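Here's the letter readout for the chains.
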Amino acid sequence: MLTSGGDCQSLNATMRGVAKTLYANVEDVTIFGFEEGYRGLIYGEYRKLQSSDFSGILTEGGTILGTSRQPFKLMRTPDENGLDKVEAMKSTYRKLRLDCLVMLGGNGSHKTANLLSEEGLNVVTLPKTIDNDLWGTDMTFGFQSAVNIATNAIDCIHTTAASHGRVFIVEVMGHKVGWLTLHAGIAGGADIILIPEIPYNINYVVDAINKRKKQGKRFTILAVAEGAISKEDAALSKKEFKEKRKDWKYPSISYEVGRQIQEKTGQEIRITVPGHMQRGGEPCPYDRVLSTRLGAAAAEMIINKEYGHMAGIRNGEIVKVPLSEVAGKLKTIDPDCSSIKEAKLVGICFGDEPLK
Ligand code: F6P
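Each value, and the rule that gives it
Residues numbered from 1 in each chain as written. Predicted model: local features only at pLDDT ≥ 70, side-chain atom pairs only at ≥ 80, totals over all residues. Heavy atoms only, no water. Helix = DSSP H or I, 4+ residues; strand = E, 2+ residues; numbered from the N terminus. Contact = heavy atoms within 4.5 Å. Buried < 20%, exposed > 50% of the residue type's maximum accessible area, 1.4 Å probe, protein only. Pairing = 2+ DSSP bridges. Near = heavy atom within 4 Å. Polar contact = N/O pair within 3.5 Å; in protein donor to acceptor, adjacent residues only side chain to side chain. Areas by Shrake-Rupley, 256 points an atom, 1.4 Å probe, with all protein chains shown as cover. Nonpolar A, V, L, I, M, F, W, Y, C, P; charged D, E, K, R; others polar.

A. Molecular detail of the environment of Ala298. By secondary structure assignment, the location of Ala298 is in helix α11 (residues 285–303). With 276 residues separating them along the chain, Ala298 and Leu22 place their C-alpha atoms 9.6 Å apart. Among residues more than four places away in sequence, those in contact with Ala298 are Val18, Val124, Leu126 and Ala311.

Pasting the structure below:
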(Lines give C-alpha, C1' and ligand atoms only; values in the text may rest on other atoms or scores of the structure.)
Protein backbone atom coordinates (compact mmCIF):
# COMPACT_ATOMS: atom_id res chain seq x y z
CA MET A 1 0.00 0.00 0.00
CA LEU A 2 1.24 3.51 -0.70
CA THR A 3 0.00 7.10 -0.61
CA SER A 4 1.26 9.32 -3.41
CA GLY A 5 1.34 13.04 -4.24
CA GLY A 6 -0.01 15.90 -2.13
CA ASP A 7 -1.69 14.59 1.01
CA CYS A 8 -5.29 15.19 2.08
CA GLN A 9 -7.44 14.64 5.12
CA SER A 10 -8.89 11.20 4.50
CA LEU A 11 -5.90 9.08 3.42
CA ASN A 12 -5.67 7.23 6.73
CA ALA A 13 -9.42 6.63 6.82
CA THR A 14 -9.23 5.08 3.35
CA MET A 15 -6.27 2.81 4.17
CA ARG A 16 -8.14 1.74 7.29
CA GLY A 17 -11.17 0.85 5.14
CA VAL A 18 -9.02 -1.35 2.89
CA ALA A 19 -7.17 -3.01 5.77
CA LYS A 20 -10.19 -3.66 7.98
CA THR A 21 -12.02 -5.30 5.08
CA LEU A 22 -9.05 -7.51 4.24
CA TYR A 23 -8.43 -8.52 7.85
CA ALA A 24 -12.12 -9.31 8.32
CA ASN A 25 -12.58 -11.33 5.15
CA VAL A 26 -9.26 -13.01 4.30
CA GLU A 27 -7.56 -15.52 6.55
CA ASP A 28 -3.92 -14.75 6.03
CA VAL A 29 -3.18 -11.15 5.12
CA THR A 30 0.16 -9.35 5.03
CA ILE A 31 0.17 -5.64 4.30
CA PHE A 32 3.36 -3.74 3.55
CA GLY A 33 3.33 0.05 3.70
CA PHE A 34 5.70 1.81 1.30
CA GLU A 35 7.16 4.99 2.69
CA GLU A 36 6.69 8.34 0.95
CA GLY A 37 4.70 7.11 -2.01
CA TYR A 38 6.31 5.59 -5.09
CA ARG A 39 9.67 6.52 -3.60
CA GLY A 40 9.31 3.64 -1.12
CA LEU A 41 8.45 1.22 -3.90
CA ILE A 42 11.39 2.39 -6.02
CA TYR A 43 13.99 2.23 -3.26
CA GLY A 44 12.54 -0.67 -1.28
CA GLU A 45 11.65 1.44 1.77
CA TYR A 46 8.72 -0.24 3.45
CA ARG A 47 7.48 -1.72 6.68
CA LYS A 48 5.22 -4.58 7.52
CA LEU A 49 2.00 -3.20 8.95
CA GLN A 50 -0.07 -4.78 11.69
CA SER A 51 -3.79 -4.59 12.20
CA SER A 52 -3.06 -2.25 15.17
CA ASP A 53 -1.46 0.27 12.76
CA PHE A 54 -4.92 0.90 11.34
CA SER A 55 -6.61 1.44 14.70
CA GLY A 56 -7.48 4.96 15.77
CA ILE A 57 -6.63 6.54 12.41
CA LEU A 58 -10.14 7.11 11.02
CA THR A 59 -10.10 10.67 12.28
CA GLU A 60 -6.42 11.46 11.70
CA GLY A 61 -5.37 13.74 8.85
CA GLY A 62 -2.13 13.25 6.89
CA THR A 63 -0.87 9.77 6.09
CA ILE A 64 0.76 7.22 8.39
CA LEU A 65 2.98 6.21 5.44
CA GLY A 66 4.21 9.66 4.45
CA THR A 67 3.98 10.82 0.86
CA SER A 68 6.02 12.51 -1.84
CA ARG A 69 5.66 13.77 -5.37
CA GLN A 70 7.35 11.52 -7.95
CA PRO A 71 6.44 13.13 -11.28
CA PHE A 72 5.12 10.71 -13.89
CA LYS A 73 7.06 12.44 -16.65
CA LEU A 74 10.32 11.51 -14.88
CA MET A 75 9.39 7.89 -14.21
CA ARG A 76 11.17 6.74 -17.36
CA THR A 77 14.19 8.92 -16.61
CA PRO A 78 16.87 7.11 -14.56
CA ASP A 79 17.65 8.65 -11.14
CA GLU A 80 20.98 10.35 -10.34
CA ASN A 81 22.60 6.92 -9.89
CA GLY A 82 21.26 5.59 -13.17
CA LEU A 83 18.52 3.51 -11.54
CA ASP A 84 15.59 2.59 -13.81
CA LYS A 85 12.66 3.54 -11.54
CA VAL A 86 10.02 1.46 -13.28
CA GLU A 87 12.19 -1.67 -13.21
CA ALA A 88 13.04 -0.93 -9.57
CA MET A 89 9.35 -0.77 -8.64
CA LYS A 90 8.67 -4.05 -10.44
CA SER A 91 11.60 -5.65 -8.70
CA THR A 92 10.43 -4.56 -5.20
CA TYR A 93 6.94 -5.86 -6.00
CA ARG A 94 8.35 -9.23 -7.10
CA LYS A 95 10.84 -9.49 -4.25
CA LEU A 96 8.03 -9.12 -1.72
CA ARG A 97 5.86 -11.51 -3.76
CA LEU A 98 2.95 -9.10 -3.59
CA ASP A 99 -0.49 -10.06 -4.84
CA CYS A 100 -1.46 -6.46 -5.43
CA LEU A 101 -0.32 -2.87 -5.12
CA VAL A 102 -2.87 -0.51 -3.54
CA MET A 103 -2.23 3.10 -4.53
CA LEU A 104 -4.01 6.11 -3.06
CA GLY A 105 -3.35 9.11 -5.28
CA GLY A 106 -4.44 11.86 -7.63
CA ASN A 107 -3.94 12.57 -11.31
CA GLY A 108 -0.19 12.15 -11.84
CA SER A 109 -0.10 9.16 -9.49
CA HIS A 110 -2.79 7.45 -11.54
CA LYS A 111 -0.67 7.73 -14.67
CA THR A 112 2.10 5.84 -12.89
CA ALA A 113 -0.40 3.30 -11.53
CA ASN A 114 -1.66 2.69 -15.06
CA LEU A 115 1.90 2.30 -16.31
CA LEU A 116 2.64 -0.31 -13.63
CA SER A 117 -0.57 -2.10 -14.50
CA GLU A 118 0.44 -2.14 -18.17
CA GLU A 119 3.82 -3.50 -17.07
CA GLY A 120 2.03 -6.50 -15.59
CA LEU A 121 1.61 -5.60 -11.90
CA ASN A 122 -1.73 -6.11 -10.16
CA VAL A 123 -2.86 -2.64 -9.16
CA VAL A 124 -5.97 -1.28 -7.41
CA THR A 125 -6.28 2.45 -6.76
CA LEU A 126 -8.28 4.96 -4.73
CA PRO A 127 -9.14 8.55 -5.72
CA LYS A 128 -7.39 11.01 -3.45
CA THR A 129 -7.29 14.78 -3.84
CA ILE A 130 -8.77 17.95 -2.43
CA ASP A 131 -9.02 19.16 -6.06
CA ASN A 132 -11.76 16.66 -7.03
CA ASP A 133 -10.32 16.58 -10.54
CA LEU A 134 -9.98 12.83 -11.06
CA TRP A 135 -11.80 11.41 -14.02
CA GLY A 136 -14.22 8.54 -13.44
CA THR A 137 -15.51 9.48 -9.99
CA ASP A 138 -18.04 12.11 -8.94
CA MET A 139 -16.10 12.70 -5.75
CA THR A 140 -12.57 12.24 -4.48
CA PHE A 141 -11.89 11.81 -0.78
CA GLY A 142 -10.38 14.90 0.82
CA PHE A 143 -12.48 17.25 -1.28
CA GLN A 144 -15.36 17.77 1.15
CA SER A 145 -13.00 18.27 4.09
CA ALA A 146 -11.14 20.93 2.12
CA VAL A 147 -14.44 22.56 1.12
CA ASN A 148 -15.24 22.85 4.84
CA ILE A 149 -11.93 24.59 5.58
CA ALA A 150 -12.07 26.94 2.58
CA THR A 151 -15.69 27.79 3.45
CA ASN A 152 -14.69 28.50 7.01
CA ALA A 153 -11.98 30.86 5.73
CA ILE A 154 -14.57 32.76 3.65
CA ASP A 155 -16.96 32.83 6.63
CA CYS A 156 -14.26 34.39 8.82
CA ILE A 157 -13.39 36.93 6.15
CA HIS A 158 -17.07 37.87 5.84
CA THR A 159 -17.30 39.35 9.31
CA THR A 160 -14.15 41.43 9.06
CA ALA A 161 -14.96 42.50 5.48
CA ALA A 162 -18.37 43.70 6.65
CA SER A 163 -16.89 45.68 9.56
CA HIS A 164 -14.35 47.51 7.42
CA GLY A 165 -16.22 47.81 4.15
CA ARG A 166 -13.37 46.33 2.11
CA VAL A 167 -13.02 44.14 -0.94
CA PHE A 168 -11.57 40.80 0.11
CA ILE A 169 -10.10 38.08 -2.07
CA VAL A 170 -9.84 34.55 -0.69
CA GLU A 171 -7.58 32.40 -2.85
CA VAL A 172 -8.61 28.77 -2.90
CA MET A 173 -6.49 25.75 -3.93
CA GLY A 174 -7.53 23.36 -6.68
CA HIS A 175 -4.63 23.32 -9.11
CA LYS A 176 -6.00 23.59 -12.68
CA VAL A 177 -9.69 23.19 -11.78
CA GLY A 178 -12.28 25.19 -9.86
CA TRP A 179 -14.26 22.56 -7.91
CA LEU A 180 -13.02 23.63 -4.50
CA THR A 181 -13.48 27.33 -5.24
CA LEU A 182 -16.96 26.84 -6.69
CA HIS A 183 -18.20 24.82 -3.73
CA ALA A 184 -16.53 26.90 -1.01
CA GLY A 185 -17.50 30.09 -2.84
CA ILE A 186 -21.18 29.18 -2.95
CA ALA A 187 -21.14 27.79 0.61
CA GLY A 188 -19.39 30.89 1.93
CA GLY A 189 -21.64 33.33 0.09
CA ALA A 190 -18.91 34.79 -2.15
CA ASP A 191 -20.18 37.56 -4.45
CA ILE A 192 -17.69 36.82 -7.21
CA ILE A 193 -16.16 33.45 -8.05
CA LEU A 194 -13.27 33.12 -10.49
CA ILE A 195 -12.33 29.63 -11.72
CA PRO A 196 -10.01 28.35 -14.46
CA GLU A 197 -12.87 26.84 -16.48
CA ILE A 198 -14.49 30.30 -16.87
CA PRO A 199 -11.85 32.87 -17.87
CA TYR A 200 -12.72 36.32 -16.50
CA ASN A 201 -12.80 39.83 -17.90
CA ILE A 202 -11.55 42.12 -15.14
CA ASN A 203 -13.96 44.88 -16.25
CA TYR A 204 -16.97 42.65 -15.54
CA VAL A 205 -15.51 41.86 -12.14
CA VAL A 206 -15.07 45.57 -11.45
CA ASP A 207 -18.65 46.30 -12.64
CA ALA A 208 -19.96 43.73 -10.17
CA ILE A 209 -18.05 45.37 -7.30
CA ASN A 210 -19.24 48.85 -8.30
CA LYS A 211 -22.82 47.64 -8.56
CA ARG A 212 -22.69 46.28 -5.03
CA LYS A 213 -21.29 49.60 -3.82
CA LYS A 214 -24.11 51.51 -5.52
CA GLN A 215 -26.59 49.20 -3.81
CA GLY A 216 -25.14 50.33 -0.50
CA LYS A 217 -23.23 47.12 0.18
CA ARG A 218 -20.03 48.01 1.98
CA PHE A 219 -17.97 44.97 1.08
CA THR A 220 -17.43 42.40 -1.63
CA ILE A 221 -15.95 38.92 -1.30
CA LEU A 222 -14.21 37.18 -4.17
CA ALA A 223 -13.36 33.47 -4.10
CA VAL A 224 -10.53 33.14 -6.58
CA ALA A 225 -9.14 29.76 -7.64
CA GLU A 226 -5.36 29.53 -7.66
CA GLY A 227 -5.67 28.54 -11.33
CA ALA A 228 -8.05 31.38 -12.32
CA ILE A 229 -7.15 33.00 -15.62
CA SER A 230 -8.20 36.11 -17.54
CA LYS A 231 -9.85 35.81 -20.97
CA GLU A 232 -6.83 37.55 -22.42
CA ASP A 233 -4.38 35.03 -20.95
CA ALA A 234 -6.60 32.07 -21.78
CA ALA A 235 -6.37 33.07 -25.46
CA LEU A 236 -2.56 32.78 -25.41
CA SER A 237 -0.72 29.67 -26.51
CA LYS A 238 1.09 27.71 -23.75
CA LYS A 239 4.40 29.15 -24.97
CA GLU A 240 3.12 32.76 -25.06
CA PHE A 241 1.58 32.36 -21.60
CA LYS A 242 4.86 31.03 -20.16
CA GLU A 243 6.74 33.91 -21.77
CA LYS A 244 4.28 36.47 -20.30
CA ARG A 245 4.51 34.94 -16.83
CA LYS A 246 8.33 34.97 -16.93
CA ASP A 247 8.51 38.50 -15.53
CA TRP A 248 5.37 38.22 -13.42
CA LYS A 249 5.80 40.06 -10.14
CA TYR A 250 2.93 38.44 -8.25
CA PRO A 251 3.11 35.49 -5.85
CA SER A 252 -0.22 34.23 -7.25
CA ILE A 253 -3.18 35.26 -9.41
CA SER A 254 -5.13 36.89 -6.55
CA TYR A 255 -2.49 39.59 -6.24
CA GLU A 256 -2.82 40.51 -9.90
CA VAL A 257 -6.62 40.55 -9.66
CA GLY A 258 -6.36 42.60 -6.44
CA ARG A 259 -4.06 45.17 -7.99
CA GLN A 260 -6.33 45.62 -11.00
CA ILE A 261 -9.42 46.01 -8.81
CA GLN A 262 -7.68 48.57 -6.60
CA GLU A 263 -6.55 50.52 -9.65
CA LYS A 264 -9.99 50.50 -11.26
CA THR A 265 -12.22 51.04 -8.20
CA GLY A 266 -10.00 52.83 -5.70
CA GLN A 267 -11.38 50.47 -3.06
CA GLU A 268 -9.26 49.00 -0.32
CA ILE A 269 -8.33 45.38 -1.10
CA ARG A 270 -7.12 42.61 1.17
CA ILE A 271 -6.00 39.14 0.09
CA THR A 272 -6.15 35.95 2.13
CA VAL A 273 -4.49 32.71 1.03
CA PRO A 274 -5.43 29.79 3.33
CA GLY A 275 -3.02 27.58 1.32
CA HIS A 276 -2.09 24.20 2.78
CA MET A 277 -4.50 24.64 5.69
CA GLN A 278 -7.02 23.34 3.17
CA ARG A 279 -5.30 19.96 3.13
CA GLY A 280 -4.83 19.71 6.87
CA GLY A 281 -6.70 18.59 9.95
CA GLU A 282 -9.19 15.81 10.38
CA PRO A 283 -11.46 14.40 7.65
CA CYS A 284 -15.07 15.56 7.80
CA PRO A 285 -17.82 12.94 8.36
CA TYR A 286 -18.68 12.86 4.63
CA ASP A 287 -15.08 11.92 3.79
CA ARG A 288 -14.92 9.33 6.56
CA VAL A 289 -17.95 7.60 5.09
CA LEU A 290 -16.72 7.89 1.49
CA SER A 291 -13.25 6.62 2.45
CA THR A 292 -14.64 3.66 4.35
CA ARG A 293 -16.87 2.71 1.42
CA LEU A 294 -14.13 3.15 -1.18
CA GLY A 295 -11.62 1.29 0.98
CA ALA A 296 -13.98 -1.65 1.46
CA ALA A 297 -14.71 -1.73 -2.28
CA ALA A 298 -11.00 -1.69 -3.16
CA ALA A 299 -10.38 -4.58 -0.76
CA GLU A 300 -13.24 -6.50 -2.35
CA MET A 301 -11.62 -5.98 -5.77
CA ILE A 302 -8.39 -7.45 -4.40
CA ILE A 303 -10.23 -10.42 -2.93
CA ASN A 304 -11.98 -11.01 -6.28
CA LYS A 305 -8.72 -10.41 -8.22
CA GLU A 306 -10.31 -7.57 -10.18
CA TYR A 307 -7.10 -5.67 -10.75
CA GLY A 308 -6.37 -2.67 -12.95
CA HIS A 309 -9.21 -0.55 -11.55
CA MET A 310 -9.85 2.51 -9.40
CA ALA A 311 -12.72 2.43 -6.88
CA GLY A 312 -14.86 5.52 -7.54
CA ILE A 313 -18.34 6.78 -6.77
CA ARG A 314 -21.05 7.72 -9.25
CA ASN A 315 -24.59 8.74 -8.34
CA GLY A 316 -24.00 7.51 -4.80
CA GLU A 317 -22.92 4.03 -5.89
CA ILE A 318 -19.40 2.65 -5.76
CA VAL A 319 -18.03 1.82 -9.23
CA LYS A 320 -14.94 0.14 -10.69
CA VAL A 321 -13.21 2.35 -13.24
CA PRO A 322 -10.46 0.92 -15.51
CA LEU A 323 -7.13 2.63 -14.83
CA SER A 324 -6.65 3.23 -18.56
CA GLU A 325 -9.79 5.42 -18.46
CA VAL A 326 -8.66 7.43 -15.43
CA ALA A 327 -5.03 8.02 -16.37
CA GLY A 328 -4.21 11.32 -18.01
CA LYS A 329 -7.73 12.78 -17.93
CA LEU A 330 -8.80 15.80 -15.92
CA LYS A 331 -12.34 16.23 -14.59
CA THR A 332 -13.10 19.91 -15.06
CA ILE A 333 -16.26 21.94 -14.43
CA ASP A 334 -18.53 22.34 -17.45
CA PRO A 335 -19.18 26.12 -17.60
CA ASP A 336 -22.75 25.34 -18.75
CA CYS A 337 -23.50 22.89 -15.91
CA SER A 338 -26.45 23.44 -13.65
CA SER A 339 -24.38 24.41 -10.57
CA ILE A 340 -22.95 27.36 -12.49
CA LYS A 341 -26.37 28.32 -13.86
CA GLU A 342 -27.89 28.29 -10.36
CA ALA A 343 -24.99 30.25 -8.92
CA LYS A 344 -25.53 32.87 -11.62
CA LEU A 345 -29.27 32.89 -10.87
CA VAL A 346 -28.58 33.93 -7.28
CA GLY A 347 -26.40 36.74 -8.59
CA ILE A 348 -22.88 35.35 -8.27
CA CYS A 349 -20.57 36.94 -10.84
CA PHE A 350 -18.06 34.69 -12.66
CA GLY A 351 -16.49 37.58 -14.56
CA ASP A 352 -17.42 36.14 -17.94
CA GLU A 353 -20.34 38.35 -18.98
CA PRO A 354 -21.59 41.88 -18.50
CA LEU A 355 -24.01 42.50 -15.62
CA LYS A 356 -27.69 42.16 -16.42
O1 F6P B 1 -3.31 18.68 -5.63
C2 F6P B 1 -3.52 19.17 -4.35
C3 F6P B 1 -2.90 20.53 -4.18
O4 F6P B 1 -3.12 20.95 -2.85
C5 F6P B 1 -3.37 21.58 -5.17
O6 F6P B 1 -4.62 22.11 -4.83
C7 F6P B 1 -2.22 22.55 -5.09
O8 F6P B 1 -2.11 23.29 -6.30
C9 F6P B 1 -1.02 21.67 -4.90
O10 F6P B 1 -1.50 20.46 -4.37
C11 F6P B 1 0.03 22.22 -3.98
O12 F6P B 1 1.10 21.36 -4.02
P13 F6P B 1 2.32 21.35 -3.00
O14 F6P B 1 1.83 20.74 -1.72
O15 F6P B 1 3.34 20.50 -3.68
O16 F6P B 1 2.73 22.77 -2.82
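B. Region of interest: the pairing of strand β10 (residues 309–314). Of all 6 residues that make up β10, 5 are buried, and the element is covered over most of its length. Pairing geometry for strand β5 (residues 123–127) and β10, over 2 bridges, is parallel. Looking across to β10, one finds that Thr125 is bridged to Met310. Connecting β10 to the antiparallel partner strand β11 (residues 317–322) that follows it, the hairpin turn spans 2 residues, and Asn315 within it adopts a positive phi of roughly 50°.

C. Main features of the site of the ligand. Within the structure, the ligand sits among Arg69, Ile130, Asp131, Met173, Gly174, His175, Glu226, His276 and Arg279. At a separation of 2.7 Å, an oxygen atom of the ligand approaches a polar side-chain atom of Asp131. In this structure, an oxygen atom belonging to the ligand sits 2.9 Å away from a side-chain N or O atom of Arg279. For the ligand, the accessible surface in isolation is 400 Å², of which the surrounding protein chains cover 71%. Its residues assigned to classes, the shell around the ligand shows 2 nonpolar, 3 polar and 4 charged.

D. Representation of the environment of His276 within the structure. Inspection of the secondary structure puts His276 in the loop between β9 (269–272) and α11. Remark: the alpha-carbon pair of His276 and Thr159, spanning 117 residues in sequence, is separated by 22 Å.

Don't take any of this as a statement about function, it's just geometry.
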